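Examination of the molecular architecture
The chain contents come next:
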Amino acid sequence: MHRLLRGPRRMLHALRSLQWQLSVSYAAMAALLCTAMGLVVMRGLDNTLMAQDRTDLNRHAVVAADLIYHDLGLTLAVVLAEASQATRARVCAYDTAGGQLGCSAAGLVSPPGVSPLPAVDDRLPRAIRSIAAMTSPDTGDQAGVLGTIAVDQPLTYRAPTERRVQDDVFHISLLATAVAAGVGLLLGRGLTAPLRGLTDAA
């Protein structure tokens, strides 16, 4: 009698193992799919934000150069600090021979009460702009170059934004994995129900 029951028990154990295998397989597929989609989303987001920040930095360099040109009567340190605060970036001035005249990072201070806080971005290439009268605000053409400025290390929201999106993708991946595991378990139970009935009858 014991030998007769051993066969059905083994079959029942195998069916339960099949249910869990389906559940784990579905969970693994969901986790892999979410991971792949998360990588694609993060890469696309990084490229988009990088391009936008690069454009903004070049615009800020135009503003800083024009600001410095019109405030040449003031102390250079004061002018650079004003330009840095206006552009939220580090601003350095150079003479026509390339010698550095000074730098200011006065604008690299996060505004209070802002969430998420912007962070200094070291990945953006510095924007170079001539210190001269702007002959065309639309095209940015200049004449009578007196020197150059370099604008870099701006405060941007790219890093905080990417961290927030990464957290969201991670939470979605966990939820999708749990749902897929449940679906796999239910599907396995449904597929093995007829076989379980035969096993119980035996």
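Attention here is on the structure that accompanies the text. All values reported here derive from a predicted model rather than from experimental measurement. (Residues numbered from 1 in each chain as written. Predicted model: local features only at pLDDT ≥ 70, side-chain atom pairs only at ≥ 80, totals over all residues. Heavy atoms only, no water.)

Let's talk about the state of the cysteines
Convention followed: Cysteine sulfur atoms are paired as a disulfide whenever they come within 2.5 Å of each other. Each helix is a run of DSSP H or I of at least 4 residues and each strand a run of E of at least 2, with the numbering of both proceeding from the N terminus. We call a residue buried when its accessible area falls under 20% of the maximum for its residue type, exposed when it is over 50%, and partly exposed in between, using a 1.4 Å probe and counting protein chains only.
Across all of its chains, the model carries 1 disulfide by this definition. C92 shares a disulfide with C103; S-S distance 2.0 Å. Taking the torsion about the S-S bond as the criterion, the C92 to C103 disulfide, at about 115°, is right-handed. Remark: C103 occurs in strand β2 (residues 100-104) and C92 occurs in strand β1 (residues 90-94); sequence separation between them is 11 residues. For C92, a relative accessible area of 1% gives the class buried.

Regarding the nonpolar core
So the rule is basically this: Buried Ala, Val, Leu, Ile, Met, Phe, Trp, Tyr and Cys residues that are joined via side-chain atoms within 4.5 Å together make up what is termed a nonpolar core.
I68, V91, I149 and V151 are the most contacted members of the largest nonpolar core, which totals 17 residues. Sorting the residues of this core by element identifies α1 (2-70), α2 (76-87), β1, β4 (127-136) and β5 (141-152) as the ones contributing at least two each. For this core, the element with the highest residue contribution is α1, accounting for 6 residues.

So, the pattern of salt bridges
Oppositely charged side chains may form a pair once their charged atoms are brought near each other. As a reminder of what qualifies: The rule for a salt bridge is simple: a side-chain nitrogen of Lys or Arg has to be within 4 Å of a carboxyl oxygen of Asp or Glu.
According to the stated counting rule, one finds 6 salt bridges in the structure shown. The partner of R123 in a salt bridge is D46, with the nearest N and O atoms 3.1 Å apart. Placement of the pair is R123 in the loop between β3 (119-120) and β4 and D46 in helix α1, with a sequence separation of 77 residues. Take D46: its relative accessible area is 15%, and that puts it in the buried class. For R158, the salt bridge goes to D53, with nearest N and O atoms at 3.3 Å. You can see R158 sitting in helix α3 (residues 158-201) and its partner D53 sitting in helix α1, a full 105 residues away along the chain. Residue class for R158 comes out buried when judged on its relative accessible area of 5%. By relative accessible area, D53 is classed as buried at 13%.

Considering the pairing of β1
Rules: By this definition, two strands are paired if DSSP reports at least two bridges between them.
The element β1 is largely enclosed, with a buried count of 4 among its 5 residues. Two strands pair when backbone bridges link them, and β1 and β2 are joined in this way by 4 bridges, in the antiparallel orientation. Among the inter-strand pairings, V91 is bridged to a residue of β2, identified as S104.

Points about the environment of T96
Locating T96 in the fold gives a position in the loop between β1 and β2. Among the residues examined, T96 registers a relative accessible area of 65% and is labelled exposed. C-alpha separation for the pair T96 and I131, spaced 35 residues apart in sequence, amounts to 9.5 Å.

What about a nonpolar patch on the surface?
As a reminder, the rule being used: A patch is a set of surface residues, each over 30% in relative accessible area and not in a salt bridge, joined within 9 Å for like charges and within 5 Å for the nonpolar side chains Val, Leu, Ile, Met, Phe, Trp and Tyr. Throughout, the Shrake-Rupley method with a 1.4 Å probe supplies accessible areas, and for residues the shown protein chains are the sole cover considered.
A cluster of nonpolar side chains, contributed by L175, V179 and V183, occupies part of the molecular surface with about 270 Å² of accessible area. Among the secondary structure elements, L175 is positioned in helix α3. Look at L175 and you get exposed, because its relative accessible area is 58%.

Considerations on the environment of T35
Summarising the element assignment, T35 is placed in helix α1. On the basis of relative accessible area, T35 is assigned to the partly exposed category, the value being 46%. Taking the C-alpha atoms as reference points, T35 and S173, separated by 138 residues in sequence, lie 7.3 Å from one another.

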